[in-house]
Amino acid sequence: MSKDNIKHTNLPQKVPSSTTNQAIDRFKKLQQKEILVDPIFKAIISKDTAALSKGITLVESTQETHIEKAQKLIEKCLPYANNSIRIGITGVPGVGKSTFIEALGNVLIQKGKKVAVLAVDPSSTISHGSILGDKTRMESLVKSSEAFIRPSPSGNSLGGVAQKTRESIILCEAAGYDVIIIETVGVGQSETAVHSMVDFFLLLKLAGAGDELQGIKRGIIEMADAIVINKADGDNLKRAREAKNQFRKALHLYPLAQSSWSPEVLTCSAIEGEGIEDIWKIILKYLEITSKNGFFEDNRSQQNKFWLLQTIEERLKTSFYNHKDIKKELTTQIDAVMQHKVTPFAAARYLLELTKKS
């Protein structure tokens with residue numbers, strides 16, 4: 001079993017992972033002493049990584065007092081944010097995301113950039129936050145003083161996890177990181193969540209895996225600004241070039257995106273560092289075109305609108321399930337629905353009416 005597959009192995013849920021334990025320890029430390037927002041804020045804009053970690057831990061906390069302080073911290077950091085390039089990277093397990101991100105990060109640092117790597121992992125309640133494996137595999141990047149790598153919190157809601165990542169971007173930008181890489185570890189809805197918070201969305205693929213065309217999800221392809229065939233080295237080089245041609249032909253079937261950008265298809269070998277420079281050039285080319293035609297700013301505005309509505313939905317849902325009457329009646333209504341005593345729609349209407357009465 002490869003390293004990339006190990007992190008997706010389902011573990012017994014009663015055994016907490018090291019990531020879960022670390023999160024618990026961080027939250028305990030937050031509980032033990034009063035949190036002062038101003039010192040954390042001043043340290044963050046002074047590029048203190050310890051303060052940045054503390055700030056993100058505060059953002060991740062679900063305690064009401066912490067949520068209020070986290071919002072104050074984010075508001076203070078906001079004037080110092082929005083000055084980075086945000087890159088989303090997705091791909092199936094085993095495609096080499098960790099190796100690719102490390103290779104790209106090292107190239108960017110050599111160019112004088114500061115790189116932050118964040119992750120959206122909605123599957124962490126099942127696999128117990130195995131993202132930590134990604135951090136340990138980025139051995140050279142994690143040692144760089146110009147890099148910051150942060151696993152995502154576990155959570156039941158994809159929207160909730162993604163919101164924490166969205167807020168963490170603001171703190172990272174305030175700390176001076178000018179390239180933010182958002183990795184999606186899960187598959188499915190997580191791609192949509194990541195796409196809604198980045199400027200450039202990159203899809204990593206493998207050649208010879210039997211899914212060159214039949215494995216293409218229309219939605220993901222439509223979101224991708226570039227498709228990169230990774231592991232284009234050794235005996236796999238010919239297959240990678242063939243896959244590149246297949247994807248290029250497939251992309252001609254799609255209409256031109258709102259950005260007026262035609263997605264590029266490239267090959268690379270992350271482990272050998274081949275093709276990484278070309279990928280960065282493509283990203284810069286995309287940014288130049290979308291900045292000139294106004295799409296870049298419009299896209300960020302639309303993303304802010306999306307996160308406003310997403311946050312309202314998350315807060316309403318949380319408020320609903322935490323309502324004292326709902327906690328009493330929900331199980332009863334579920335049982336009634338399962339026994340065909342009431343329709344799901346009538347039960348939902350009854351529960352919603354309960355929240356209006358108090």
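Structure shown above.
Residues numbered from 1 in each chain as written. Predicted model: local features only at pLDDT ≥ 70, side-chain atom pairs only at ≥ 80, totals over all residues. Heavy atoms only, no water.

Structural notes on the nonpolar core
Part 1: Of all hydrophobic cores here, the largest spans 50 residues; its most connected members are Leu73, Cys172, Ile182 and Ile227.
Part 2: Among the elements that take part in this core, helix 10 (residues 158-174) stands out by supplying 6 residues, more than any other.
Part 3: Among all residues touching Ile182, those that are not within four sequence positions of it are Ile87, Gly88, Ile89, Leu118, Val120, Thr165, Ile169, Val194, Met197 and Val198.
Part 4: The next biggest cluster of nonpolar side chains, apart from the first, holds 38 residues, and it includes Phe100, Ile109, Leu202 and Leu287. (Core = buried A, V, L, I, M, F, W, Y, C linked by side-chain atoms within 4.5 Å. Buried < 20%, exposed > 50% of the residue type's maximum accessible area, 1.4 Å probe, protein only. Helix = DSSP H or I, 4+ residues; strand = E, 2+ residues; numbered from the N terminus. Contact = heavy atoms within 4.5 Å.)

Some points on the pattern of salt bridges
Part 1: For the coordinates displayed, the defined rule picks out 10 salt bridges.
Part 2: Of the charged contacts in the structure, one is a salt bridge between Asp38 and Lys76, with a shortest N-O distance of 2.9 Å. Residue Asp38 is found in helix 3 (residues 37-45), and its partner Lys76 is found in helix 5 (residues 64-77); the two are separated by 38 residues along the sequence.
Part 3: Lys76 gets classed as partly exposed once you look at its relative accessible area, which sits at 33%.
Part 4: A salt bridge links Lys356 to Glu353; its shortest N-O distance comes to 3.4 Å. In this pair, Lys356 and Glu353 are both assigned in helix 17 (residues 344-357), 3 residues apart and thus about one turn of the helix distant. (Salt bridge = Lys/Arg side-chain N within 4 Å of Asp/Glu carboxyl O.)

Side note on unusual backbone geometry
Part 1: Even without a glycine there, the phi angle at Lys231 is positive, about 60°.
Part 2: Mapped onto the secondary structure, Lys231 falls in the loop between strand 6 (226-230) and helix 13 (237-251).
Part 3: Non-glycine residue His340 carries a positive phi angle of around 60°.
Part 4: With respect to the element layout, His340 can be found in the loop between helix 16 (324-338) and helix 17.

A look at the pairing of strand 7 (residues 264-267)
Residues in a regular strand point their side chains to alternate faces of the sheet.
Part 1: Here strand 6 runs beside strand 7; their pairing, made up of 4 bridges, is parallel. When the bridges of strand 7 are listed, Ile227 appears paired with Val265.
Part 2: Traced from strand 6 through helix 13 to strand 7, the parallel crossover comes out right-handed. (Pairing = 2+ DSSP bridges. Right-handed = clockwise from strand over helix to strand, strands pointing away.)

Points about the sheet that holds strand 3 (residues 147-150)
Part 1: Sheet architecture is open: 7 strands sit in the order 3-2-4-1-5-6-7, paired in parallel fashion. Looking at the sheet topology across the chains shown, the edges are occupied by strand 3 and strand 7. Strand-to-strand twist across the sheet, computed as the mean angle between neighbouring axes with direction ignored, equals 20°.
Part 2: Pairing of strand 2 (residues 115-120) with strand 3 involves 4 bridges; the strand directions are parallel. Across the sheet, Val117 pairs through a bridge with Ile149, a residue of strand 3.
Part 3: Set on the sheet, helix 6 (residues 97-110) makes contact with strand 1 (85-90), strand 2, strand 3, strand 4 (179-184), strand 5 (200-206) and strand 6; between it and strand 4 the angle comes to about 180°. (Axes fitted to C-alpha atoms, helices over the stretch in contact; angles between N-to-C directions.)

A few points about the packing of aromatic side chains
Two descriptors summarise a pair of aromatic rings, namely the distance from one centre to the other and the angle between the planes of the rings.
Part 1: Under the criterion given, the structure shown has 6 aromatic pairs.
Part 2: With a centroid separation of 5.3 Å and an interplanar angle of 90°, the aromatic rings of Trp261 and Tyr286 are classed as edge-to-face. Residue Trp261 is located in the loop between helix 13 and strand 7, and its partner Tyr286 is located in helix 14 (residues 276-292); the two are separated by 25 residues in the primary sequence.
Part 3: Each ring, one from Phe306 and one from Trp307, has its centre 5.3 Å from the other, and the planes form 90°; the classification is edge-to-face.
Part 4: Its relative accessible area of 33% is what places Phe306 among the partly exposed residues.
Part 5: You can call Trp307 buried: its relative accessible area is 7%.
Part 6: Through a chain of ring-to-ring contacts, three or more aromatic side chains come together here, namely Phe200, Trp261 and Tyr286. (Phe/Tyr/Trp six-rings, centres within 6.5 Å; stacked < 30°, edge-to-face > 60°.)

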